Amino acid sequence: MPPKPAPTLIGIVACRKMIEPHWFHAVGEKYIAAIADAAGAVPLLLPALGERHLDELLDTVHGVFLTGSPSNVEPHHYDGPDSEPGTSHDPHRDATTLPLISRVIERGMPLFAVCRGFQEMNVALGGSLHAKVHEQSGMLVHHEDTVDPLDVQYGPVHGVNLAAGGLLESLAGDTRAQVNSLHHQGIDRLAPGLEVLATADDGLIEGFRVTQAPGFTLAVQWHPEWRVLDNPFSLAIFRAFGDACRRYAGETTLGETT
């Protein structure tokens, strides 16, 4: 029998959170399931250890997925004003993802980011954020009502315009899509070198890629992982990411054996 092919591994960076009385490194199950079921890869949780062992961890995976989170990127990373009291932050995740992003891109390794991950990518590459999008003139309310059932919170609430000829348009098969919206932070200044792939009707940037990246890069502000198997557009996004990771795995293996 031919040897069984090695699995494609996708690293998911964990959040560090207190579950009394101890600290835990955790990833939401919906993100893990989306990688396993929609991307068709093996999810591997990466602890938020800052730059410790970062390169060794990247040596073990074939792609990286940056998830959403209740916490905000700390504003000192983009020279923003101090957060309001009570704002949730995760400095350990910031210390891991912000240096990780450039290393993943330089390797040509596939990188996919949603919500907080989308914001992290913009900050890591030199952009800035609004702490509260809805407080900006002319902007819509982009956060959920937390008293609603989850199916309502994660249901489609507004349209996005997909750039003609861009990756998201090709995956959607259309220039418009309906998406969910569960975020307070949003892009203020777009980082240099990013190509806008989606915008909300109020002009807020909701999707981009790294223009000169040697590998697959995609970041979206919404949550395509939610019930991903029931949404053709979301499923196409995760499948494209999984396919890119499989290609990277094959190229990596080939390079190691020649």
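Data block above holds the structure.
Description of the structure in this document. It should be emphasised that the depicted structure is a prediction, and the values quoted were computed from it without experimental measurement. For every chain, the first residue of the written sequence is number 1, and numbering continues from 1 onward in sequence order. Only residues with pLDDT of at least 70 get local features here, since the model is predicted, and only at 80 or more are side-chain atom pairs given and counted; chain-wide, interface and lining totals rely on the full set of residues. Note that water and hydrogens are dropped before the side-chain values are worked out from all heavy atoms of the structure.

1. Observations concerning the side chain of E74
For the record, the criterion: Only DSSP runs of H or I reaching four residues or more are called helices, and only runs of E reaching two or more are called strands; each is numbered from the N terminus. Buried means the residue's accessible area, taken with a 1.4 Å probe over protein chains only, is under 20% of the maximum for its type, while exposed means over 50%, and partly exposed covers the values in between. His is not counted, nor are the chain ends, whereas Lys and Arg count as positive and Asp and Glu as negative. When a carboxyl oxygen of Asp or Glu lies within 4 Å of a side-chain nitrogen of Lys or Arg, that pair is called a salt bridge. For this analysis, residues touch if any pair of their heavy atoms sits within 4.5 Å.
You can see E74 is positioned in the loop between β5 (63-66) and α3 (91-107). Nearest to the buried, unbridged E74 among oppositely charged side chains is R116, at 7.4 Å. For E74, the contacting residues outside a window of four places in its chain are H89, P91 and D94.

2. Examining the nonpolar core
Cut-off, in case you're wondering: Throughout, nonpolar core names a set of buried Ala, Val, Leu, Ile, Met, Phe, Trp, Tyr and Cys residues whose side chains join them through atoms within 4.5 Å.
The biggest cluster of nonpolar side chains holds 33 residues, and the ones touching the most others in it are I35, F65, F112, L168, W222 and F238. Secondary-structure elements contributing two or more residues to this core are β1 (9-13), α1 (29-38), β6 (111-114), β8 (158-162), β9 (176-179), β11 (194-200), β13 (217-220) and α7 (232-257). Of all the elements, α7 adds the most residues to this core, at 8 residues. Other than its neighbours up to four places away in sequence, F238 contacts A34, I35, A38, A39, F65, F112, P224, E225 and V228. Judged by nonpolar contacts, the second largest core, of 25 residues, contains L58, M121, V210 and Y248.

3. Some remarks on the pattern of salt bridges
Inspection of every chain in the model, using the stated rule, returns 13 salt bridges. A salt bridge links R93 to E120; the shortest N-O distance between them is 2.7 Å. Of the two residues, R93 sits in helix α3 while E120 sits in helix α4 (residues 116-124), which places them 27 residues apart along the sequence. Grouping residues by exposure puts R93 and E120 together as buried. Each of E51, D55, D59, R103 and R107 takes part in salt bridges that share partners, so that together they form one network.

4. Topic: the layout of surface pockets
Put simply, the rule reads: Here the term cavity refers to a set of points on a 1 Å grid, laid over the protein atoms alone, in which a 1.4 Å probe fits but cannot get out; the term pocket refers to an open set having protein on both sides within 12 Å along at least five of seven lines, with lining residues being those that place an atom within 4 Å of a point. Grid points are joined across faces, edges and corners, and a volume is the space filled by probe spheres set on the points. Throughout this entry, Asp, Glu, Lys and Arg are counted as charged residues, while Ala, Val, Leu, Ile, Met, Phe, Trp, Tyr, Cys and Pro are counted as nonpolar. The remaining residues, Gly among them, count as polar.
If you add up the space inside the largest pocket, you get close to 980 Å³. In terms of lining, the largest pocket is formed by 45 residues, of which the most central are S69, P70, S71, N72 and S88. Elements with a minimum of two residues in the lining of the largest pocket: β2 (15-19), α1, α4, β7 (129-130) and α5 (150-153). Sort the elements by how many residues they give to the lining of the largest pocket and β2 lands first, with 3 residues. Looking at the lining of the largest pocket residue by residue, the classes come out as 15 nonpolar, 20 polar and 10 charged. Reported here for the second largest pocket is a volume of approximately 210 Å³. Considering the residues around the second largest pocket, the lining is formed by 15 residues, among which Y154, N180, W226, N231 and S234 are closest to the centre. At the level of secondary structure, the elements contributing two or more residues to the lining of the second largest pocket comprise β9 and α7.

5. A few points about the packing of aromatic side chains
Applicable threshold: For this analysis, a ring pair means two rings from Phe, Tyr or Trp (six-membered ring only for Trp) whose centres lie within 6.5 Å, classed as stacked if their planes differ by under 30 degrees, edge-to-face if by over 60, and tilted for the remaining angles. Here, a charge over a ring is recorded when the distance from Lys NZ or Arg CZ to the ring centre is within 6 Å and its angle to the ring normal is within 35 degrees.
Taken as a whole, this structure holds 10 aromatic pairs when the rule is applied. Members of the aromatic cluster, each reached through a chain of ring pairs, are Y31, F65, F112, F216, F238 and F241. A cation over an aromatic ring shows up here: R16 above the ring of W23, its NZ or CZ 3.9 Å from the ring centre.

6. Digging into the sheet that holds β5
Backbone hydrogen bonds hold the strands of a sheet together, and the pairing may be parallel or antiparallel. Threshold: Being paired, for any two strands, means DSSP has found at least two bridges between them. Structural elements are reduced to axes, namely lines fitted to C-alpha atoms, with helices fitted over the stretch in contact, and the angle between N-to-C directions of any two is expressed from 0 to 180 degrees.
Overall, mixed pairing links the 9 strands, which are arranged β4-β1-β5-β6-β13-β12-β11-β8-β9 in an open sheet. Every interior strand has two partners, whereas the edge strands, β4 (42-46) and β9, have only one. The mean angle between the axes of side-by-side strands here comes to 20°, regardless of whether they run parallel or antiparallel. Packed onto the sheet, α3 meets β1, β5, β6, β12 (205-210) and β13 and runs at close to 140° relative to β5.

7. Focus on the packing of α3 against α4
For clarity, the cut-off: Each angle receives one of four descriptions, namely roughly parallel if under 35 degrees, roughly antiparallel if over 145, roughly perpendicular if within 65 to 115, and oblique otherwise. Should the near helix be turned anticlockwise from the far one by less than a right angle, the crossing is termed left-handed; should it be turned clockwise, right-handed.
Between α3 and α4, the shortest axis-to-axis distance is 9 Å and the interhelical angle comes to 60°. If you check the angle between α3 and α4, you find them oblique. Here α3 runs over α4; the crossing is right-handed. Contacts between α3 and α4 involve R93, D94, T97, L98 and I101 from the first element and R116, G117, E120, M121, V123 and A124 from the second.

8. Considering the pairing of β12
In terms of burial, β12 is a largely internal element, 5 of the 6 residues being buried. Across 5 bridges, the pairing between β11 and β12 is antiparallel. Within β12, the residue paired with A198 across the bridge is G207. Where β11 folds back onto β12 in an antiparallel hairpin, the turn is made up of 4 residues, including G203, whose phi is positive at roughly 95°. Sheet analysis places β12 next to β13, joined by 2 bridges and oriented antiparallel. Within β13, the position partnered with F208 by the bridge is A219. Taken together, β12 and the strand that follows it, β13, pair antiparallel across an intervening segment of 6 residues.

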